[in-house]
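Survey of secondary and tertiary structure
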Amino acid sequence: MPPRYFKNDEALSSRDPHKQLIASLTRLVVQHPPAELRAGGGFYNGPTSIAYLFLVLQQLYSDLIIEGIQLGTWSATYLKQSQDHIKSFPGPRVGKCGIADDILALLAIGAASSKDADMAAELCDYAAEVLDQDSENEWLYGRAGYLYYLRLVKAAFIDDAKVSQMIADTQEDVVEAIMKSERPWKWHGKSYVGAVHGLIGIITQVTLTDPERYARAVEADLSVLLTYQFDSGNWPSSLPPGKDKLVQVCHGAPGVVSSLLSIKDHFPKLSSRIDSAIRKGRDCILERGLLTKEPCLCHGISGNALALDEEQCQHFLTYTTGHEMKGLEKDGLVEKSDNPEGLWGGEAGRAWAWAVMDKGLPKRLLGYNDI
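Fair warning: this is a prediction, and the values are worked out from it, not measured in the lab.

Attention shifts here to the packing of helix α7 (residues 143-156) against helix α8 (residues 161-180). The interhelical angle for the contact between α7 and α8, taken along N-to-C directions, is 165 degrees, at an axis separation of 10 Å. Relative to α8, the element α7 is oriented roughly antiparallel. α8 is crossed by α7, and the crossing has left-handed handedness. In this structure, α7 contributes Arg143, Ala144, Tyr146, Leu147, Leu150, Arg151, Val153 and Lys154 to the contact, and α8 contributes Ser164, Ile167, Ala168, Thr170, Gln171, Val174, Val175, Ala177 and Ile178.

Now for helix α12 (residues 253-263). The buried fraction of α12 is high, at 11 of 11 residues. Its buried side turned inward, α12 meets α9 (199-209), α11 (219-227), α13 (271-288) and α14 (301-305).

As a further point, take α13. With 18 residues, α13 should reach 26 Å at 1.5 Å per residue; the first-to-last C-alpha distance of 26 Å fits that figure. Taken together, the buried positions of α13 are occupied by Ile274, Ala277, Ile278, Gly281, Cys284, Ile285 and Arg288. Buried residues of α13, viewed axially, fall in a sector of 130 degrees; they line one side. Facing away from the buried side of α13 by more than 90 degrees, the exposed set consists of Ser272, Arg279 and Glu287.

The next thing to look at is the domain arrangement of the protein. For the protein, the assigned domains are domain 1 (94-181) and domain 2 (211-288). Between domain 1 and domain 2, the C-alpha centre-to-centre distance is 26 Å. Facing four residues of domain 1, the contacting portion of domain 2 comprises five residues. Carbon and sulfur atoms supply 66% of the area buried between domain 1 and domain 2, which totals about 330 Å² over both sides. The largest contributions to the domain 1 side of the interface with domain 2 come from Glu172, Val175 and Met179, which together make up 92% of the buried area. When the residues that make up the side of domain 1 that touches domain 2 are grouped by side-chain class, the tally is two nonpolar, one polar and one charged.

Procedures and definitions
- Residues numbered from 1 in each chain as written.
- Predicted model: local features only at pLDDT ≥ 70, side-chain atom pairs only at ≥ 80, totals over all residues.
- Heavy atoms only, no water.
- Axes fitted to C-alpha atoms, helices over the stretch in contact; angles between N-to-C directions.
- Helix = DSSP H or I, 4+ residues; strand = E, 2+ residues; numbered from the N terminus.
- Parallel < 35°, antiparallel > 145°, perpendicular 65-115°, else oblique.
- Left-handed = near helix turned anticlockwise from the far one by under 90°.
- Contact = heavy atoms within 4.5 Å.
- Buried < 20%, exposed > 50% of the residue type's maximum accessible area, 1.4 Å probe, protein only.
- Expected span 1.5 Å × (residues − 1).
- Arc of directions from axis to C-beta.
- Domains from an automatic or database assignment.
- Buried area = accessible area lost by both parts, 1.4 Å probe.
- Nonpolar A, V, L, I, M, F, W, Y, C, P; charged D, E, K, R; others polar.

This is the structure in structure tokens:
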């Protein structure tokens, strides 16, 4: 087996984030043009995830042109690739109703970008599948991911009391279903801890849905999660704790630390414990977080970088430039991604990390805890 990570023993360094953002977006559209992508993946991977990236970036860079085309046009072009295959999408169903669902993703983008109340209502109507007793609670395929979509759309209707209330009522039903579920929360019969399938992902989505209402409801769950941290600063992938192996957003310290950074202000009683957990988690990431998997948000350097402070984040991202990637590939230190284009599995996520640094945004994971 190749090593999971390489040593973080070089002097701190940085690159021009704006230049690297443009380079990353250029690679994205040149190497993964819309017409050549396989549809599917929701906000996790595939053309809809890229459309969402460009939609968000267009609001930050209104005049940016990539390969002669504005970001908003790129967003629409990638979105059309998904829309053209809409009949092939099975739609939300029990066990498949989270962030990776294509119909939910298309409805959320449509409702949020055009302030379409009918699409918002249709998104809420899918609560029936989400609330089914056999649905699970995690982010990628479960209720927690659906909560992100609801939050995205609700933000677009802040001035529409009727639609906002409809969404809030749906959120309440989903949170109630999550909270009534037997502990520990499981996915496919296993008690995961991390951001994508596990405990911290569910806590984060519930909290961010309405911190004043729901933070207290998951405070005990968060308190328990903090006890699972290894002496190394990492967290186990699942329970009961096994080997201390994975240091990535989906399983391990990076996802937990990123989550804690976005919700910690809502848990004043746990403040000192959370701060201590973040410090130890960051030490673990610095030691074992330069991963040999292709840089991405889910299980690569880009996601790990966003869990670190400013200088260390910049340093980690230097290993995701096109030039550095070629060097690592030449040395046999890169495990290729199955989804090299996607927001969470590939180049689109690398671009997001550079945008975060370029604009000085809060270090958040797009599609997870950015809103």
